[in-house]
Amino acid sequence: MSARIEKLLRQMTLEEKIAQTDMIRGVTLATRAHPAHSCSVDPESDFDWDRVRASFSDRGIGFVHDVYCVPRVLNRLQHYFVDETRLGIPCIYTGEALHGLSYPGATSFPMPIALGASFDPDLTRKVGRAIGAETRSLGIHEILAPNLDIARDPRWGRMEETFGEDTFLSREHARAIIGGEQGERADREDTIICEPKHYFAHGFPESGLNCASARCGQREARSQYLPVFEAGIREAGAWNAMVAYNNIDGIPLVSSRYWMTDVLKGELGLRGFIRSDFGAVNRLISAHHVCRTPGEAIALAFNAGLDVTGFDFSNEVWQETMKELVLSGVITEERLDDAVRRILTVKEALGLFDHPFTDESRYTSVVRSPAHLDVCLEAARESMTLLKNTGVLPLRKMKTLAVIGPSSNHQRLGSYSSVPYGYTVRSLADELREALPDTEILQEDGCSISPMDARMVPDAWMPGGVRLAFYQDGRFSGEAVGEDWATHIQFNWGLAKPHPALPFNGYGVRMTFTLCPDDTFSGSLSLPAWDTCRLYADGELLLDGTGDNTQRPLVAPFDFEKGKRTEMVIDFVCDRGGRQVAFNYSRAGGDSMERALRAAQKADAVILVCGDDTVTSGEGMDRRDLILYGEQRELIRRAGELDKPKILVLEVGKSVDLTQEEPLMDAILVAFYGGERGAKAICEALLGEISPSGHLPVTFPHTVGELPFYYSQLPGGSADYLEGHRAPHWPFGFGLSYTTFALTDFTASPVGDTACEIAFTVINTGTRPGTAVPQVYVEDPVSSVVTPDRRLVFFTRVPLEPGASRRVTHTLGAEAFRLMDERCRWRVEKGEFVLHLGQHCQDDAHAVSVTLRGDTITEGDS
């Protein structure tokens, strides 16, 4: 224990200790939010110091979230904590950085599902190192990432945040990304502290619905899902952890002393603190129904081992309730001291007591540096996963190429993304025009992905800005209690009211502005809002989100005319708890599909770019089907009738039902979400500048009716439905190349009682360079408990020129052969194991057996 921390604990009042367990949204304290991101602060902003003093007094606070900005602004607020609070304890600046910091202008790297498809943990470590460097250079100390869930239901919208469905693959990437982000020391100017989430068993919710129950027993939880957190925390050294919303077998994680204190802090040796996922403590009341009041919920969670609130209640409610609970003895001061000690230990590890401020200029040479953009592109390249190719790829020279589909002119980044600001994310159409100057590129969207698949109306189309008037009620009666101005309309008031004089619910916001587009086209306007909303154009009601239309997508056709001024009014009423509104436009609509099909008819070949957007995939965006959403299937079906090469490119975050599309297409390339350089990687793959080398990190089933469907399910069920045989459309680990590979001379020899050395040769038997991804799976033919038919235990990437070969050797340790017995003990049982070598989980080309003596477990071992 640090002498400095123990001294601080002796000096701290009860109120100061409790404040360390709390956090606040920094953007609510700023005088100006960032124009591109409602959770960020404008670089020229100051802070409302009266509000700062009212919020913190001389107590301070543990954490400040949602304050993405340049370091000079963060340093200004940090000076308050260091110079004006009684003990001068710095805050931890906390942020989201799943695949790049959520700062306007940071690098947007490929989503974790794409990194999983790379089967390249070394590359994932590079990505982590870059994310850590950018994040720390901007003054953020801790990130709420990575997501270490095992995703086994593609209906669940958050599959894109994970490394896939497999425990071993996810463990390897967990170690890599945390090792890259945290480095060797947390007090460096290029490293941060990680908070893996969602602890745990959160990636296979009932019915595919976010936050739903995890129906698994302790053996399954410990053997399938806990090992990924073990890799991230005990092995890679992640300091903190975020406990999940869900329950396991009826036990809410956020109130489980066993899973938080005994296992996470005890067995896994968590050095730092446990934070609740945002609102998880309140869900003990609202969702789990295990208590009635905030006091009961806070006591349950904190006494079980929770250390830090995740915006469960207002700062006043959290701190006052905690004080009452400690003074009444419901929470002991020893438990509070343990939590505060953990928080202060993390602050000391970050070096904040000695160096609380961030260099104010270094970030300019770090954020989106050439080296980071190179890593971003490398990761996108390695995630390109080719599922089908009849020989049309790579593309040959042609006069005219149609590039159609809702993502053909819009590169998708996925959720929790860095916000592009100060740069433009290029689309596939952009990249192909540059790469093929002698080819006519015909681009048309053809359709949208979802009704909300639209772009924010740009600032330049609203000359003079947007006037906001705030009203106490949704009738907009009387005078406004305040006014403000904005450059665009994309607001999230979920954690902070738009004006301090407003009630938390029932208020109205009237937005008035002039719409003046810089182009002429037929498209649509939309209002993504889940509260009552109306849009008026020149006094005429254009969109009516009231009554039965509340909480439904609001979309209307609109004829945009360059230079034409339209007076617009949006009336927003916070009455359904959504507290978000945006003003978007789309070029899709009208005869968009017919225009796309005419382009396809005219061209020599057709590339369709389809998939998901932030409505069809992401947190809370769960689905009950796996087919492509909206009119995409119709666009593909009609284009598929044309007698010319047809290539389908998918920008997705999860498995897709392609039973209708696959027979119509000559090639299918899954690009996942490739980050801001993803379109360039797709272009290179289509043109043959690189050979696809990604492999599926998740199973692609035929239909939603086959779920759950992951390759390592336990055997025992029937192999057939009434409608046909149960088999994946594309299995886990599958991926084609522009060349071919042979795997030969596979051998396995025991090493001691519980290990084995394997060796095999990889040969490039084709005519093009490429990278093979050989995979080794273990089968335990006879075991004391039921085990999967196959389980991934080794993989590697082998780049080879045509005709070249390489011998691969590797020692499989006890982890490759172990099982968890019925008493939840890891052991390697004596007997035969079959090792399968192939290029995906169902590749039966090569198998060898090895007999191990196993280990000895006495009756008292656990």
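Data block above holds the structure.
In this report, the structure presented in the accompanying data block is examined.

### Some points on the overall build of the protein
- Helix and strand content of the protein: 18 helices and 42 strands.
- Whereas a compact globule of 862 residues would reach a radius of gyration of roughly 29 Å, the protein reaches 28 Å, a difference of no more than 12%.
- Projecting the C-alpha coordinates of the protein onto the three principal axes gives extents of approximately 80 × 75 × 55 Å.
- Considering only intrachain contacts with a sequence separation of at least 6, the fraction spanning at least 24 residues in the protein is 78%.
- Accessible surface, the protein: about 31700 Å² in total, of which carbon and sulfur atoms supply 46%.
- One finds the centroid of the 88 positive side-chain charges in the protein at a distance of 1 Å from the centroid of its 121 negative side-chain charges.

### What to know about the packing of aromatic side chains
- Under the defined criterion, the tally for this structure stands at 31 aromatic pairs.
- On the numbers, 6.1 Å between centres and 65° between planes, the contact of phenylalanine 560 with tyrosine 585 is edge-to-face. Of the two residues, phenylalanine 560 is situated in strand E23 (residues 554-560) and tyrosine 585 in strand E26 (residues 584-586); the sequence distance between them amounts to 25 residues.
- The rings of Phe119, Phe168, Tyr711, Phe732, Tyr777 and Phe795 are connected pair by pair, giving a single aromatic cluster.
- Here the basic side chain of arginine 271 rests over the ring of tryptophan 239, its NZ or CZ set 3.8 Å away from the ring centre.
- Between the NZ or CZ atom of arginine 587 and the centre of the ring of phenylalanine 521, over which it lies, the distance is 4.1 Å.

### Considering the layout of surface pockets
- The computed volume of the second largest pocket comes to approximately 980 Å³.
- Residue lining of the second largest pocket: 48 residues in total, with Thr167, Ser223, Gln224, Pro788 and Arg791 positioned closest to the centre.
- No other element matches helix H8 (residues 218-235), which puts six residues into the lining of the second largest pocket.
- Taken together, the residues of the lining of the second largest pocket sort by class into 23 nonpolar, 11 polar and 14 charged.

### Concerning the pairing of strand E29 (residues 667-670)
- Residue alternation in E29 divides its side chains into two sets, Ala667 and Leu669 and Ile668 and Val670, and both sets are buried.
- Across four bridges, strand E12 (residues 385-389) lies against E29 in antiparallel orientation. Residue lysine 388 lies in a different strand from E29, and its bridge partner there is isoleucine 668.
- With four bridges connecting them, strand E28 (residues 646-651) and E29 associate as parallel partners. Paired with leucine 650 across the two strands is valine 670, which belongs to E29.

### Brief notes about the sheet that holds strand E35 (residues 775-779)
- Spatial strand order, E36-E35-E41-E42: four strands in an open sheet with antiparallel pairing. At either margin of the open sheet sits one strand with a lone partner, and together these are strand E36 (791-795) and strand E42 (846-852). Here the average twist between neighbouring strands, direction ignored, is 30°.
- The pairing of E35 with E36 spans four bridges and is classified as antiparallel.

### Structural notes on the side chain of histidine 34
- Tracing the chain through its elements places histidine 34 in strand E2 (residues 33-34).
- For histidine 34, a relative accessible area of 7% gives the class buried.
- Side-chain polar atoms of histidine 34 contact the backbone nitrogen of alanine 36, separated by 3.0 Å.
- Contact partners of histidine 34, with chain neighbours within four places excluded, come to Ser40, Val41, Asp42, Pro43, Pro104 and Tyr421.

### What about the sheet that holds strand E5 (residues 92-95)?
- Pairing within the open sheet is parallel, and its five strands lie in the order E1-E4-E5-E6-E7. Looking along the sheet, the strands with just one partner apiece sit at the ends: strand E1 (23-25) and strand E7 (193-194).
- The pairing of E1 with strand E4 (residues 63-65) spans three bridges and is classified as parallel. From the neighbouring strand, isoleucine 24 faces E4, where its bridge partner is valine 64.

### Structural notes on the pairing of strand E3 (residues 37-41)
- Among the five residues of E3, four are classified as buried, and the element is accordingly described as predominantly covered.
- Pairing of E2 with E3, which is carried by two bridges, proceeds in the antiparallel orientation. Bridged to histidine 34 within E3 is histidine 37.
- Connecting E2 to the antiparallel partner E3 that follows it, the hairpin turn spans two residues.

### Some points on the packing of helix H6 (residues 121-137) against helix H7 (residues 167-182)
- Closest axis-to-axis distance for the H6/H7 pair is 6 Å, and the angle between their directions is 30°. In terms of orientation, H6 and H7 fall into the roughly parallel class. Relative to H7, H6 is oriented so that their crossing is right-handed. Listed contacts from H7 to Pro121, Thr124, Arg125, Gly128, Arg129, Ile131 and Gly132 of H6 are Glu172, His173, Arg175, Ala176, Ile177, Gly179, Gly180 and Glu181.
- Of the residues that constitute the contact of H6 with H7, the class distribution is four nonpolar, six polar and five charged.

### A look at the nonpolar core
- Counting residues in hydrophobic clusters, the biggest one holds 106 residues, and the most contacted among them are Val64, Tyr199, Phe200 and Val281.
- Here tyrosine 199 is in contact with Leu226, Phe229, Met242, Val243, Ala244, Leu253, Trp259, Val263 and Leu264, once residues within four sequence places are set aside.
- With 42 residues, the next largest nonpolar core counts Ala639, Leu650, Val698 and Phe734 among its residues.

### Considerations on empty space enclosed by the protein
- Within this structure, the stated rule accounts for four cavities of 30 Å³ or more.
- By volume, the largest cavity is sized at about 60 Å³.
- What lines the largest cavity is Pro154, Asp612, Arg623, Asp625, Leu626, Ile627, Leu628, Val652, Lys654, Ser655 and Val656.
- A per-class count over the lining of the largest cavity returns six nonpolar, one polar and four charged.
- Estimated volume of the second largest cavity: approximately 40 Å³.
- Lining the second largest cavity are Leu395, Arg396, Lys397, Met398, Leu401, Leu436 and Thr439.
- Residue composition of the lining of the second largest cavity, grouped by class: four nonpolar, one polar and two charged.

### Observations concerning H8
- The end-to-end C-alpha distance of H8, which contains 18 residues, comes to just 22 Å, noticeably less than the 26 Å that a straight helix rising 1.5 Å per residue would cover.
- At leucine 226, H8 shows its largest kink, close to 50°, and the proline proline 227 lies no more than four residues downstream.
- Counted residue by residue, H8 has 13 buried out of 18 residues, so it is predominantly covered.

Conventions we followed
- Residues numbered from 1 in each chain as written.
- Predicted model: local features only at pLDDT ≥ 70, side-chain atom pairs only at ≥ 80, totals over all residues.
- Heavy atoms only, no water.
- Helix = DSSP H or I, 4+ residues; strand = E, 2+ residues; numbered from the N terminus.
- Rg over C-alpha atoms; globule rule 2.2 N^0.38 Å.
- Contact = heavy atoms within 4.5 Å.
- Areas by Shrake-Rupley, 256 points an atom, 1.4 Å probe, with all protein chains shown as cover.
- Lys, Arg positive; Asp, Glu negative; His and termini not counted.
- Charge placed at Lys NZ, Arg CZ, Asp CG, Glu CD.
- Phe/Tyr/Trp six-rings, centres within 6.5 Å; stacked < 30°, edge-to-face > 60°.
- Lys NZ or Arg CZ within 6 Å of the ring centre and 35° of its normal.
- 1 Å grid on protein atoms, 1.4 Å probe; cavity = no way out; pocket = protein on both sides within 12 Å on 5 of 7 lines; lining within 4 Å.
- Points joined across faces, edges and corners; volume = space filled by probe spheres on them.
- Nonpolar A, V, L, I, M, F, W, Y, C, P; charged D, E, K, R; others polar.
- Buried < 20%, exposed > 50% of the residue type's maximum accessible area, 1.4 Å probe, protein only.
- Pairing = 2+ DSSP bridges.
- Axes fitted to C-alpha atoms, helices over the stretch in contact; angles between N-to-C directions.
- Polar contact = N/O pair within 3.5 Å; in protein donor to acceptor, adjacent residues only side chain to side chain.
- Parallel < 35°, antiparallel > 145°, perpendicular 65-115°, else oblique.
- Left-handed = near helix turned anticlockwise from the far one by under 90°.
- Core = buried A, V, L, I, M, F, W, Y, C linked by side-chain atoms within 4.5 Å.
- Expected span 1.5 Å × (residues − 1).
- Bend = angle between axes of the 7 residues up to and from the residue.

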